[in-house]
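Here is what each chain is made of, one letter per residue.
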Amino acid sequence: MADPASDPSRFDIAVLGAGPAGVGAAVTAAWAGARVLVIDEAPQTGGQVYRALPEGITLAPGVRSLEAAEGARQRAELEASGAQLVTDHRVWMVSEGFRIEALGPQGPAKWQADRLIAATGTHERVVPFPGWTLPGVLGLAATTILMKSQRMAPGRRVLVAGCGPLLAYVAAGLGKIGAQVVGVADLAGPADWARALPRMLARPDLMARGAGWVAQIAARRVPYLPRHHVLRAEPGADDALRVTLARIGRDGRPGPERLIEADALAVGHGLVPGTELTRLLRAAHDWRPERGGWIARRDTEFRTSVPGLYLVGDGGGISGAAAAWHQGRVAGLAAARAAGIGDAQILSDRITLERRALRAAEGFGRAMSAIMAPRAPLYAAIPADTPVCRCEDVTRAEIEAAVAAGATEVNQVKHWTRCGMGPCQGRMCGEAAAEIVAAKQGASRVQAGLWTGRAPLRPVPLADLAGDFDYADIPIPKPAPL
Ligand SMILES: Cc1cc2nc3c(=O)[nH]c(=O)nc-3n(C[C@H](O)[C@H](O)[C@H](O)COP(=O)(O)OP(=O)(O)OC[C@H]3O[C@@H](n4cnc5c(N)ncnc54)[C@H](O)[C@@H]3O)c2cc1C
């Protein structure tokens, strides 16, 4: 039998995701002396926030980016740590004993680890509205990918709408790369921002960055529309969009409407923790809307209810990049200590230090998360014929019909309607569908249920799932002679 210590596919600790949380975990676990593997589907580390520019694309001379600098610093720290990095590999399956299966440019790859640190981040929440599937309408967070990886704007005139810190970040960034921002429609109002302020003060550096974006938007005289929501988008002349917005009243209902024309609409209603992996591994989850939605239950060192499985970063509740980094570092140290690697006392002392830095960063992140919490009236306003699941083209009316026919929770609705069964596996529609199921039943989100995690975590071609399998190899016994 192969010695596990010399088996190149076996590791003490595997880290899934190389954003700030994953890199933080990998560097501390490797520092403690563990054999660490880090896997990411992106071509370079950095995750969403520290996404690296692709080869051949550079920042314009004189342009400084704090994110690019922090990303480069984290990349260098990871390289020096001795952790093994595998990029361009999308993990589609993790099974018992942390057997990890991925698909890369050269085909399938497999590894096994004694402990797994999940650092898989978030996805975007977009509350469906008529026209949300039109060309030119894209997510707010998705717009950051376009801006960061290609230095491109989605159109010449862009309307930016939704909630949370990405609103100001995207509006300021689009202005910098030459787009005209025709308006910033914020779901939150001054009172919401005032409530968030005390916790934001815990990180004056991050506050100053946000204030800088707001100042840039104001300097360009971009109209700011507080407490406004997109009601619908329709095709206009010359490939433009006609976007109807309404001011949200105190009761959460739309008030007077206004029309804005734009080439593109960047719209996002917050971030949702990515729970595909923790659901697949059947970890216990809790409904925490103020942290983004369903999140896996964790202790103070980020252990989940599944032995050996840790969860760090925004996938465990929206806390932002700064908190993700420190959470990762705590979990990396804790996982190494649990594996009996390194000096337990030294590791515990370092965990205490990291936890101090984490507290300040988390305060800021949680204030942002509260601003992005799901808003029930927006879901209530989705018209009956609007597609909710855009992969399988399932409307609100079809989801409600399934509930009326007896479906009591989201998994039954999925089986009956195919809502959430498409390539995105419910990442885009899951939140809206669950809100609709809960509202139709007059039940809570907890009663509406949690989507059961299923492989594949990411779409994979059937040929890669089958591997070397050949039907002719199935040992079918010959029929017995009569
Ligand atoms: C589209 C998007 C854009 C964002 N842009 C910004 C921004 O510009 N500024 C900002 O402050 N915050 C941004 N955020 C929020 C931001 O994600 C977090 O605050 C921060 O990056 C969290 O770090 P993390 O390490 O927890 O997750 P992430 O940075 O999201 O890292 C998670 C990593 O896991 C990898 N991964 C996940 N699943 C798999 C899998 N199955 N196989 C292989 N790899 C996998 C992903 O490729 C990713 O690199 C964005 C969020 C989203 C969804």
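From a predicted model like this one, the values you see are computed outputs, not experimental measurements.

## A look at the site of the ligand
Around the ligand lies a shell of 32 residues, among which Ala21, Asp40, Val91, Lys148 and Asp314 are the nearest. A distance of 2.6 Å separates an oxygen atom of the ligand from a polar side-chain atom of Asp40. For the ligand, the protein covers 91% of the area, taking 970 Å² as the surface of the free molecule. Taken together, the elements giving at least two residues each to the shell around the ligand come down to α1 (20-32), β4 (90-95), β7 (122-124), α3 (140-150), α4 (165-176) and α8 (321-338). Residue composition of the shell around the ligand, grouped by class: 14 nonpolar, 12 polar and 6 charged. In this structure, the shell around the ligand is formed jointly by two domains, domain 1 (10-123 + 272-370) and domain 2 (126-269), each of which donates at least three residues.

## Considering the nonpolar core
Counting residues in hydrophobic clusters, the biggest one holds 35 residues, and the most contacted among them are Ile13, Val15, Val36, Val38 and Ile117. Of all the secondary structure elements, the ones that give two or more residues to this core are β1 (10-16), α1, β2 (36-39), α8 and α9 (344-371). When near neighbours in sequence (up to four residues on either side) are disregarded, Val15 contacts Gly22, Ala25, Ala26, Val36, Leu37, Val38, Ile39 and Ile117.

## Details of a nonpolar patch on the surface
On the surface, a cluster of nonpolar side chains totalling about 480 Å² of accessible area is made up of Phe469, Tyr471, Ile474 and Ile476. In this fold, Phe469 is placed in the segment after α15 (462-466). Judged by relative accessible area, which is 47%, Phe469 ranks as partly exposed.

## What about the pattern of salt bridges?
Taken as a whole and judged by the stated rule, the model has 26 salt bridges. The salt bridge partner of Asp192 is Arg227, with a shortest N-O separation of 4.0 Å. Linking Asp192 in helix α5 (residues 190-200) with Arg227 in the loop between β11 (224-226) and β12 (228-235), this pair joins segments that are 35 residues apart in sequence. We classify Asp192 as buried; its relative accessible area is 19%. One salt bridge in this structure joins Glu400 and Arg396, with 3.1 Å as the shortest N-O distance. Residue Glu400 and its partner Arg396 are both found in helix α11 (residues 396-404); the two are separated by 4 residues, about one turn of the helix. Comparing Glu400 with Arg396, the two get one shared label, buried.

## Observations concerning the side chain of Lys148
The residue Lys148 is located in helix α3 in this model. A distance of 3.3 Å separates a polar side-chain atom of Lys148 from the backbone oxygen of Gln48. When residues no more than four places from it in sequence are discounted, the contact partners of Lys148 are Gln48, Val49, Arg51, Leu53, Glu67 and Tyr169.

## Section: the pairing of strand β13 (residues 241-248)
With respect to burial, β13 is a largely interior element, 6 of its 8 residues being buried. Note: β12 against β13, 7 bridges, orientation antiparallel. Pairing of Val230 across the sheet is with Leu245, part of β13. Following β12, the chain reverses through 5 residues before pairing antiparallel with β13; Asp238 in that reversal takes a positive phi of roughly 50°.

## Brief notes about the packing of aromatic side chains
If you walk through the whole model with that rule in mind, you get 2 aromatic pairs. Note on Tyr169 and Trp213: the rings are 5.1 Å apart at their centroids and 70° apart in plane angle, and the pair reads as edge-to-face. One end of the pair, Tyr169, is in helix α4; the other, Trp213, is in helix α6 (residues 204-219), with 44 residues separating them in the sequence. Where Trp287 meets Trp294, the ring centres are 5.8 Å apart and the plane angle is 55°; that geometry is what we call tilted. The pair formed by Trp287 and Trp294 is uniform in burial state, with each residue classed as buried. Above the plane of the ring of Trp132 lies Arg390, whose end atom (NZ or CZ) is 4.7 Å from the centre.

## Comments concerning the sheet that holds strand β10 (residues 180-186)
A sheet is described by the order of its strands in space; here 5 strands give the open sequence β8-β15-β9-β10-β11, paired in parallel fashion. Both edges of this open sheet fall to β8 (137-139) and β11, since each of them pairs with a single strand only. Here the strands of the sheet are splayed against their neighbours by 20° on average, with no regard to which way each runs. As judged from the 6 bridges shared by strand β9 (residues 157-162) and β10, these two strands associate in the parallel manner. In the strand pairing of β10, Arg157 is matched with Gln180. In this fold α3 packs onto β8, β9 and β15 (264-268), with an angle of close to 90° to the strand it touches most, β8.

## So, the domain arrangement of the protein chain
Domains assigned within the protein chain are domain 1 (10-123 + 272-370), domain 2 (126-269) and domain 3 (382-448). Between domain 1 and domain 3, the residue contacts involve 5 residues of the former and 5 residues of the latter. Between domain 1 and domain 3, roughly 560 Å² of surface is buried when both sides are summed, and carbon and sulfur atoms account for 65% of that area. Of all residues in domain 1, His123, Trp287 and Trp294 bury the most surface against domain 3, accounting for 70% of the area lost on that side. Between Glu276 and Arg427 there is a salt bridge; the shortest N-O distance is 2.8 Å. Counting across the domain 1 and domain 3 interface gives 1 residue pair in polar contact (both at pLDDT 80 or more). Looking at the side of domain 1 that touches domain 3 residue by residue, the class counts come to 3 nonpolar, 1 polar and 1 charged.

## Considering the environment of Gly131
Counting through the fold element by element, Gly131 comes out in the loop between β7 and β8. Note: C-alpha distance between Gly131 and Pro387 (256 residues apart in sequence) is 9.2 Å. Apart from the residues within four sequence positions on either side, Gly131 is in contact with Val137 and Ala233.

Scoring rules and cut-offs
Residues numbered from 1 in each chain as written. Predicted model: local features only at pLDDT ≥ 70, side-chain atom pairs only at ≥ 80, totals over all residues. Heavy atoms only, no water. Near = heavy atom within 4 Å. Polar contact = N/O pair within 3.5 Å; in protein donor to acceptor, adjacent residues only side chain to side chain. Areas by Shrake-Rupley, 256 points an atom, 1.4 Å probe, with all protein chains shown as cover. Helix = DSSP H or I, 4+ residues; strand = E, 2+ residues; numbered from the N terminus. Nonpolar A, V, L, I, M, F, W, Y, C, P; charged D, E, K, R; others polar. Domains from an automatic or database assignment. Core = buried A, V, L, I, M, F, W, Y, C linked by side-chain atoms within 4.5 Å. Buried < 20%, exposed > 50% of the residue type's maximum accessible area, 1.4 Å probe, protein only. Contact = heavy atoms within 4.5 Å. Patch = residues over 30% accessible without salt bridge, like charges linked within 9 Å, V, L, I, M, F, W, Y side chains within 5 Å. Salt bridge = Lys/Arg side-chain N within 4 Å of Asp/Glu carboxyl O. Pairing = 2+ DSSP bridges. Phe/Tyr/Trp six-rings, centres within 6.5 Å; stacked < 30°, edge-to-face > 60°. Lys NZ or Arg CZ within 6 Å of the ring centre and 35° of its normal. Axes fitted to C-alpha atoms, helices over the stretch in contact; angles between N-to-C directions. Buried area = accessible area lost by both parts, 1.4 Å probe.

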